[in-house]
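Here is how the chains run, residue by residue.
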Amino acid sequence: MDLRIFTEPQQGATYDTLLTVAKATEDLGFDAFFRSDHYLHMGGVSGLPGPTDAWITLAGLARETRRIRLGTLMTAGTFRLPGVLAIQVAQVDQMSGGRVELGLGAGWYEEEHKAYGIPFPKEKFARLEEQLEIVTGLWATEVGKTYSHHGTHYDLTDSPALPKPAQAKVPVLIGGSGAKRTPRLAARYADEFNAPFVSVEDTKVLFERVRAAAEEAGRSADELTYSNALVVCVGRDDAEVARRAERIGREVDELKLNGLAGSPAEVVEKIGRYIEAGSQRIYLQVLDLEDLDHLELISSQVQSRLG
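This report concerns the structure included in the present document. (Residues numbered from 1 in each chain as written. Predicted model: local features only at pLDDT ≥ 70, side-chain atom pairs only at ≥ 80, totals over all residues. Heavy atoms only, no water.)

1. A closer look at the overall build of the chain
Reasoning step 1: A count of helical and extended segments in the chain gives 11 helices and 12 strands.
Reasoning step 2: Against the 2.2 N^0.38 benchmark of 19 Å for 307 residues, the chain shows a C-alpha radius of gyration of 19 Å, consistent with a compact globule.
Reasoning step 3: Looking at the 307 residues of the chain, the share that counts as buried comes to 55%.
Reasoning step 4: Sequence separation of at least 24 residues holds for 73% of the intrachain contacts in the chain that already meet a minimum separation of 6.
Reasoning step 5: Approximately 13,600 Å² of the chain is accessible, and the part contributed by carbon and sulfur atoms is 51%.
Reasoning step 6: Between the centroid of the 34 positive side chains of the chain and the centroid of its 45 negative side chains there is a distance of 3 Å. (Helix = DSSP H or I, 4+ residues; strand = E, 2+ residues; numbered from the N terminus. Rg over C-alpha atoms; globule rule 2.2 N^0.38 Å. Buried < 20%, exposed > 50% of the residue type's maximum accessible area, 1.4 Å probe, protein only. Contact = heavy atoms within 4.5 Å. Areas by Shrake-Rupley, 256 points an atom, 1.4 Å probe, with all protein chains shown as cover. Lys, Arg positive; Asp, Glu negative; His and termini not counted. Charge placed at Lys NZ, Arg CZ, Asp CG, Glu CD.)

Encoded structure:
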């Protein structure tokens, strides 16, 4: 079971804060540092000092870390043209020495688009499908050959399809709870399917849908990695759990129901249930980025028990 640290910087974080968390992620033995891709805070927080761009952040972290994987859950398809995104991700992959992963989604938060003048199209899923085809197509094109795509939403003619990532294939993550279209896209394009913020029971259903879609597409279902994203709140005792829950504006009982919360033993037990449902990797959504002791506790008392 891989444990990865997943952050939500739009809620209020500087690049320096993210760098500190990423270095702690590496030092404490976690597998990866991921971040969301949002430009506007959510809920009752100020969001100060303001948003940081996902791929600019990851470019900086690529030069400041050495081991951990780096990526997004999920890059918003509405924010970037697919040709530009392919260049950005390939460059950051080169800067990291081949440690980048691309989570790509359709984009959903309309208010941030209004706030920063970003078009918010009605039909986003069809655009996402074209974006996946273009990004992966550009990377797969042999050096010296060109790539063209004439679709409904994007038109590329004789692209040199450069630069190339450092990796032979950048892992692509697709996630969500859709019953038909999402499994179909995952079966065609994804190296990993992520089930975000769902129960053990719903996880099993989502994974089964994707596995069935992969087999229907003529692909072995075991070629994909299956993962979850879950909020985390661990404490050495009830008081510490309650303190951490209060710091992120959540209730302990709700966190235990919808995430990974409680003592290390409780969290290890619940992760075990996700493993039984087929999960191979968990993105731990860490909402208090100043609490590095929380990361140390998870590393020493949770990760160490998972083997």
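2. With respect to the nonpolar core
Reasoning step 1: By size, the foremost hydrophobic cluster in this structure holds 74 residues, and its most contacted members are W55, L102, W139, F193, L260 and L284.
Reasoning step 2: For this core, the element with the highest residue contribution is helix 5 (residues 125–140), accounting for 7 residues.
Reasoning step 3: Beyond its immediate sequence surroundings of up to four residues, W55 is in contact with T72, T75, R80, L85, V89, V92, V100, E101 and L102.
Reasoning step 4: Grouped together as the second largest cluster of nonpolar side chains are 7 residues, F6, A32, F34 and A229 included. (Core = buried A, V, L, I, M, F, W, Y, C linked by side-chain atoms within 4.5 Å.)

3. Here's the deal with the pairing of strand 6 (residues 147–150)
For a regular strand, the rule is simple: side chains alternate between the two faces of the sheet.
Reasoning step 1: Only one face of strand 6 is covered, namely the face carrying Y147 and H149; the face carrying S148 and H150 is uncovered.
Reasoning step 2: Strand direction decides the pairing type here: strand 6 and strand 7 (residues 155–159), joined by 3 bridges, are antiparallel. From the neighbouring strand, Y147 faces strand 7, where its bridge partner is S159.
Reasoning step 3: In sequence, strand 6 turns back onto strand 7 through a hairpin of 4 residues. (Pairing = 2+ DSSP bridges.)

4. Brief notes about the side chain of E192
Reasoning step 1: By the secondary structure assignment, E192 is in strand 9 (residues 192–196).
Reasoning step 2: Among the polar contacts made by the side chain of E192, one reaches the side chain of Y283 at a distance of 2.8 Å.
Reasoning step 3: Excluding anything up to four places from it in sequence, E192 contacts R4, E101, V172, L173, I174, T225, S227, R281 and Y283. (Polar contact = N/O pair within 3.5 Å; in protein donor to acceptor, adjacent residues only side chain to side chain.)

5. Re the pattern of salt bridges
Reasoning step 1: Per the stated rule, a full pass over the model turns up 26 salt bridges.
Reasoning step 2: Where R250 meets E254, a salt bridge forms, and the shortest distance between an N and an O atom there is 2.8 Å.
Reasoning step 3: Exposure remark for R250: the relative accessible area of 25% places this residue in the partly exposed category.
Reasoning step 4: For R273, the salt bridge identified is with E269, shortest N-O distance 4.0 Å. Of this pair, R273 and E269 both sit in helix 10 (residues 264–276), 4 residues apart, roughly one helical turn. (Salt bridge = Lys/Arg side-chain N within 4 Å of Asp/Glu carboxyl O.)

6. Some points on the packing of aromatic side chains
Reasoning step 1: A full pass over the atoms with the stated rule returns 6 aromatic pairs.
Reasoning step 2: Ring geometry for F34 versus Y283: centroids 5.0 Å apart, planes at 70 degrees, classification edge-to-face. Placement of the pair is F34 in strand 2 (residues 32–35) and Y283 in strand 12 (residues 281–286), with a sequence separation of 249 residues.
Reasoning step 3: Residue Y283 is classed as buried on the basis of its relative accessible area of 0%.
Reasoning step 4: Relative to F79, the ring of Y39 lies with its centre 4.5 Å away and its plane at 20 degrees, an arrangement referred to as stacked. Here F79 lies in the loop between strand 4 (75–76) and helix 3 (82–96) and Y39 lies in the loop between strand 2 and helix 2 (54–64), a separation of 40 residues in the sequence. F79 shares its class with Y39; the two are buried. (Phe/Tyr/Trp six-rings, centres within 6.5 Å; stacked < 30°, edge-to-face > 60°.)

7. Brief notes about helix 2
Reasoning step 1: Within helix 2 the residues assigned to the buried category are A54, W55, T57, L58, A59, L61 and A62.
Reasoning step 2: Each element contacted by the buried residues of helix 2 is listed here: helix 1 (15–27), strand 2, strand 3 (69–72), strand 4, helix 3 and strand 5 (100–105).
Reasoning step 3: Put simply, D53 is the residue that caps the front of helix 2, since its side-chain oxygen is 3.1 Å from the backbone nitrogen of W55.

8. Brief notes about the pairing of strand 3
Reasoning step 1: What you see with strand 3 is no split at all: R69 and G71 on one side and L70 and T72 on the other are buried throughout.
Reasoning step 2: Here strand 2 runs beside strand 3; their pairing, made up of 4 bridges, is parallel. Paired with A32 across the strands is R69, a residue of strand 3.
Reasoning step 3: On the question of chirality, the crossover connecting strand 2 to the parallel strand 3 by way of helix 2 is right-handed.
Reasoning step 4: Relative to strand 5, strand 3 runs parallel, the two being bridged by 2 bridges. Each residue of the ladder has a partner; that of L70, found in strand 5, is V100. (Right-handed = clockwise from strand over helix to strand, strands pointing away.)

9. Section: unusual backbone geometry
Reasoning step 1: In this model, L73 is joined to M74 through a cis peptide bond whose omega is -20 degrees.
Reasoning step 2: Within the secondary structure layout, M74 lies in the loop between strand 3 and strand 4.
Reasoning step 3: Going from L162 to P163, the amide bond is cis rather than trans, its omega being 0 degrees.
Reasoning step 4: Take P163: it is sitting in the loop between strand 7 and strand 8 (172–175).

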